[in-house]
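# A closer look at the structure
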Amino acid sequence: MYKLIFVLALIFIIIGFFNYISKFNSDYNIKVSLGSKEYKVEKANSEIKKITGLSNRKSMCSKCGMLFIFENDSYQAIWMKDMNFNIDLIFVDSDMTIVDVYENFAKESYIGPNPQKYINKTKAKYLIELNAGEWAKSGANIGDKISINSDTNL
C-alpha cells in the first residue's frame, strides 16, 4: 500500500515539475491585450529570432503572434523575407502606447535586390506581429494603451 502511495506521489511530482518547466519553455507564454482582444505571443528573445521573425512558417494560429522587444524606443526596419502569410505590425512605445500600425504587410514585398521594408514613423520599444486583419478585429486605435502579461521576464 505504501509503495502504491509513494509511486502515485512521485508521478504527481514529476507531472507537476514538467508542467512547471513547460510554462517557462513555451513559445507562447506571453499574453498581449490589444483593444478587445487577447493574443498569445511568442517572444523574439534572441538576435536570430529577431532577424528571422516569422519567416519560413506555414501559418500562425488566429490568436497568436510574435513580440519583439528592443533596448529602447527606436526606429526599426521590418521586412518579409521568406514569409508565407501577410501580417499586421503594431508598434508600441515604452509607455505601452500604440504609436504606429502597418496593416496587411504583404508576404510578396520581399522581392529582388531591393526588398520593401517598413520603418515605424514614431519610435517604439515593442513590435507585435499578428496575422493580417487582427488589428482591425481588435478594435484598438493608435494612442491606446496595451497590456503585456508574462510569467517570465520581458
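Structure shown above.
These lines cover the structure that appears in this document, whether it is placed above or below. (Residues numbered from 1 in each chain as written. Predicted model: local features only at pLDDT ≥ 70, side-chain atom pairs only at ≥ 80, totals over all residues. Heavy atoms only, no water.)

This part takes up the overall build of the chain. Helix and strand content of the chain: 3 helices and 9 strands. Listing the helices and strands of the chain from first to last along the sequence gives α-β-β-α-β-β-β-β-β-β-α-β. Every one of the 154 residues in the chain was classed for burial, and the buried ones make up 38%. A sequence separation of at least 24 residues applies to 70% of the contacts in the chain between residues at least 6 apart. For the chain, the computed accessible surface area is about 9200 Å², with 56% contributed by carbon and sulfur atoms. (Helix = DSSP H or I, 4+ residues; strand = E, 2+ residues; numbered from the N terminus. Buried < 20%, exposed > 50% of the residue type's maximum accessible area, 1.4 Å probe, protein only. Contact = heavy atoms within 4.5 Å. Areas by Shrake-Rupley, 256 points an atom, 1.4 Å probe, with all protein chains shown as cover.)

Turning next to the packing of aromatic side chains. Per the stated rule, a full pass over the model turns up 3 aromatic pairs. Relative to F105, the ring of Y102 has its centre 5.1 Å away and its plane inclined at 85 degrees; by these criteria the two rings are edge-to-face. Taking the relative accessible area as the measure of exposure, Y102 reaches 25% and is therefore partly exposed. Taken together through their ring pairs, the aromatic side chains of F91, Y102, F105 and Y118 make up a single cluster. (Phe/Tyr/Trp six-rings, centres within 6.5 Å; stacked < 30°, edge-to-face > 60°.)

Another point: the pattern of salt bridges. Pairing is possible between side chains of opposite charge, provided their charged atoms come close. Considering all chains together, one arrives at 4 salt bridges under this definition. Measuring nitrogen to oxygen at the nearest pair gives 2.8 Å for the salt bridge that ties R57 to E42. On the criterion of sequence distance, the pair formed by R57 in the loop between α2 (47-52) and β3 (64-74) and E42 in strand β2 (residues 37-44) is long-range, its members being 15 residues apart. One salt bridge in this structure joins K63 and E134, with 3.4 Å as the shortest N-O distance. You can see K63 sitting in the loop between α2 and β3 and its partner E134 sitting in helix α3 (residues 134-138), a full 71 residues away along the chain. (Salt bridge = Lys/Arg side-chain N within 4 Å of Asp/Glu carboxyl O.)

Sizing a probe to match a water molecule and rolling it over the atoms shows the empty space that remains. Put simply, the largest pocket is a space of about 340 Å³. Per-element tally for the lining of the largest pocket: the top contributor is α2, with 4 residues. Broken down by class, the residue content of the lining of the largest pocket amounts to 11 nonpolar, 4 polar and 5 charged. (1 Å grid on protein atoms, 1.4 Å probe; cavity = no way out; pocket = protein on both sides within 12 Å on 5 of 7 lines; lining within 4 Å. Points joined across faces, edges and corners; volume = space filled by probe spheres on them. Nonpolar A, V, L, I, M, F, W, Y, C, P; charged D, E, K, R; others polar.)

Following the sequence through the fold, S36 ends up in the loop between β1 (30-34) and β2. Remark: the alpha-carbon pair of S36 and K137, spanning 101 residues in sequence, is separated by 8.4 Å. Each residue touching S36, except ones within four places of it in the same chain, is listed here: K137 and S138.

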